[in-house]
Every structure is written in structure tokens, then in C-alpha cells.
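So you can see what is in the structure, the chains are spelled out below.
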Amino acid sequence: MAIYDFYCKKCKENFTIEQSMKDELPKDCPKCKAKNTLRQNYGATPILFKGEGFYCTDMKKTTN
Ligand SMILES: [Zn+2]
């Protein structure tokens, strides 16, 4: 899961939406219901869930 920050171009409202990274990002504003007005707020710090399985595989190159 990841938390995305959005803002609505129309009502200028900010939203924090938590969803899976493989899901398509929402485009419609949940507040004013305007279509296609949500924009991802890249200025905010993205919060990524670093679970197990993100280890660097270079460690396995020591084969001697
Ligand atoms: Zn809106």
C-alpha cells in the first residue's frame, strides 16, 4: 500500500488517498465530484511502505 497526496484543481481541496500501487490512481474529486480534476501532489513527501523483499540482491554475488 502507498499513501498518495492529491489536490483538486477545482475546489483546491487536498486529499490523502491510501491504495495499492498497482491500482489506478483516482481522478475524480471525492468532495466536489468534479471529473478528472485530481492531481497528484508531488510536493508532498510520499509515504511508501517498504516491506520485506526489497533487499538488494547484489549481496548474493559473493560466490567464492
Ligand atoms: Zn474538488
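To keep things clear, this report deals only with the structure shown in the data block. Worth saying up front: this structure is predicted, and the values here are computed from it rather than measured.

Some points on the coordination of the zinc ion
- Coordination of the zinc ion by the protein comes from Cys8 (SG), Cys11 (SG), Cys29 (SG) and Cys32 (SG), over a distance range of 2.3 Å.
- One chain supplies every donor for the zinc ion, spaced along it as C-x2-C-x17-C-x2-C.

What to know about the environment of Ser20
- Following the sequence through the fold, Ser20 ends up in the loop between strand 2 (14–19) and strand 3 (38–40).
- We classify Ser20 as buried; its relative accessible area is 17%.
- Measuring from C-alpha to C-alpha, the distance between Ser20 and Ala2 comes to 5.9 Å, with 18 residues separating the pair along the chain.

Description of the pattern of salt bridges
- Evaluation of the coordinates by the stated rule reveals 3 salt bridges.
- With its nearest N and O atoms 2.9 Å apart, the salt bridge here joins Glu13 to Lys31. Of the two residues, Glu13 sits in the loop between strand 1 (2–8) and strand 2 while Lys31 sits in the loop between strand 2 and strand 3, which places them 18 residues apart along the sequence.
- Given a relative accessible area of 29%, Glu13 falls into the partly exposed group.
- The salt bridge partner of Lys35 is Asp28, with a shortest N-O separation of 3.3 Å.
- Looking at Lys35, the relative accessible area reads 65%, which means it is exposed.

With respect to the pairing of strand 2
- Residues of strand 2 alternate between two faces, with Phe15, Ile17 and Gln19 buried on one and Asn14, Thr16 and Glu18 left unburied on the opposite face.
- Relative to strand 2, strand 1 runs antiparallel, the two being bridged by 6 bridges. Following the sheet pairing, Asp5 is matched in strand 2 by Thr16.
- Between strand 1 and strand 2, which pair antiparallel in sequence order, lie 5 residues; one of them, Lys12, sits at a positive phi of approximately 60 degrees.

What counts and what doesn't
Residues numbered from 1 in each chain as written. Predicted model: local features only at pLDDT ≥ 70, side-chain atom pairs only at ≥ 80, totals over all residues. Heavy atoms only, no water. Donors = N, O, S within 2.8 Å, 3.2 Å for Na, K, Ca; no water. Helix = DSSP H or I, 4+ residues; strand = E, 2+ residues; numbered from the N terminus. Buried < 20%, exposed > 50% of the residue type's maximum accessible area, 1.4 Å probe, protein only. Salt bridge = Lys/Arg side-chain N within 4 Å of Asp/Glu carboxyl O. Pairing = 2+ DSSP bridges.

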